[in-house]
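Chain residues, written in single-letter form:
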Amino acid sequence: MSTAVDDDLWSAIGDPTRRRMLDLLLNEGSGTATSLSDHLPVTRQAVAKHLAVLDRAGLVHARSAGREKHYRVDEAQLARAVAQLTDVGNAWDARLRRIKQIAETIERNR
């Protein structure tokens, strides 16, 4: 079964800072822009912008608590991303096997 690749999802995941944020949120269970900025080489405001991108992609969801928002990873959306990556990997594996077969056929016919 093939899973269509979601470009917005992969654009969000493609940034190394956002991947690090997802790792931190997965390890901690949740976090705020302030708590995440303590572990990253970017400002709290930059973290907030990255969180907004992750939120639009459905990778995180926010819950307000006082003046701050607590973010959690949406594990279903993350699983969707993993399924897409697996499908892309499988497609490339099949292509590479075919290229190898062609190269071996050419070599045998020399």
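Here goes a summary of the coordinates provided.

Turning our attention to the overall build of the protein chain. The helix and strand tally for the protein chain stands at 5 helices and 2 strands. Walking the protein chain from its N terminus toward its C terminus, one meets helices and strands in the order α-α-α-α-β-β-α. Here the protein chain has a C-alpha radius of gyration of 19 Å; the compact-globule value for 110 residues is 13 Å, and the former is much larger. When its C-alpha atoms are laid out on the principal axes, the protein chain stretches across 75 × 30 × 20 Å. A buried classification covers 26% of the 110 residues belonging to the protein chain.

This part covers the pairing of strand β2 (residues 68-73). By the bridge criterion, 6 bridges tie strand β1 (residues 60-65) to β2 in an arrangement that is antiparallel. Note that in β2 the partner of alanine 62 across the bridge is tyrosine 71. The loop that links β1 with its antiparallel partner β2 comprises 2 residues; one of these, glycine 66, has a positive phi angle of about 70°.

Note on pairing: side chains with opposite charge can pair once their charged atoms come close. On inspection of all chains with the given rule, the structure shows 3 salt bridges. The salt bridge partner of aspartate 6 is arginine 80, with a shortest N-O separation of 3.1 Å. Taken together, the residues span a long stretch of sequence, with aspartate 6 in the segment before α1 (7-13) and arginine 80 in helix α5 (residues 75-108) at a distance of 74 residues. Two residues, glutamate 107 and arginine 110, come together in a salt bridge whose shortest N-O distance is 3.9 Å.

Our next topic: helix α2 (residues 16-28). Because the α-helix completes a turn every 3.6 residues, residues three or four places apart line up on one side. Helix length check: α2 (13 residues) gives 18 Å between terminal C-alpha atoms against 18 Å at 1.5 Å per residue, within 8%. Of all the residues in α2, the buried ones are Arg18, Met21, Leu22, Leu24 and Leu25. Buried residues of α2 fall within an arc of 165° about the axis and therefore sit on the same side. In α2, the exposed positions angled more than 90 degrees off the buried face are occupied by Pro16 and Asn27.

It is worth spelling out the environment of alanine 33 at this point. Position of alanine 33 relative to the elements: it lies in helix α3 (residues 33-37). In the structure, alanine 33 is positioned 18 residues away from leucine 51 in sequence and 7.6 Å away in space, judged by C-alpha atoms. Once residues lying within four places of it in the same chain are set aside, the contact partners of alanine 33 are Arg44, Val47, Ala48, Leu51 and Lys69.

Attention shifts here to the packing of aromatic side chains. Inspection of the entire model under this criterion finds 0 aromatic pairs. The ring of tryptophan 92 has arginine 95 sitting right over it, with the charged end atom 4.7 Å from the ring centre.

Attention now moves to the nonpolar core. Grouped together as the largest cluster of nonpolar side chains are 19 residues, with contacts concentrated most on Leu36, Leu51 and Leu59. Mapped onto this core, the elements with two or more residues apiece are α1, α2, α3, α4 (44-56) and β2. When residues of this core are assigned to their parent elements, the largest contribution, 4 residues, is made by α2. With near-sequence residues (within four places) excluded, leucine 36 lies in contact with Met21, Leu24, Leu25, Val47 and Leu51.

Here is what the cut-offs are and how they apply
Just so you know, the residues in each chain are numbered from 1, in the order the chain's sequence is written. Local features in this predicted model are restricted to residues of pLDDT 70 or higher, and side-chain atom pairs are both shown and tallied only at a pLDDT of 80 or more, whereas totals for entire chains, interfaces and linings draw on every residue. Neither water nor hydrogens contribute to the side-chain values; these are computed over all heavy atoms in the structure. For the purposes of this entry, the term helix denotes a DSSP run of H or I that reaches at least four residues, the term strand denotes a run of E that reaches at least two, and both are numbered from the N terminus. Atoms considered for the radius of gyration are the C-alpha atoms alone. The globule rule reads 2.2 Å times the number of residues to the power 0.38. Any residue under 20% of the maximum accessible area for its type is buried, any over 50% is exposed, and the rest in between are partly exposed; the area is computed with a 1.4 Å probe on protein chains only. What makes two strands pair is DSSP finding at least two bridges between them. In what follows, salt bridge is the name for a side-chain nitrogen of Lys or Arg lying within 4 Å of a carboxyl oxygen of Asp or Glu. An expected span of 1.5 Å times one less than the residue number is assigned to each helix. Along the arc lie the directions from the helix axis toward the C-beta atoms. Throughout, a contact is declared for two residues whenever any of their heavy atoms are within 4.5 Å. In this scheme Phe, Tyr and Trp rings, the latter by its six-membered ring, pair at centre separations within 6.5 Å, and the angle between planes marks the pair as stacked below 30 degrees, edge-to-face above 60, and tilted otherwise. Counted as over-ring charges are cases with an Arg CZ or a Lys NZ within 6 Å of the ring centre that also lie within 35 degrees of the ring normal. The term nonpolar core refers to a set of buried residues drawn from Ala, Val, Leu, Ile, Met, Phe, Trp, Tyr and Cys, joined through side-chain atoms within 4.5 Å.

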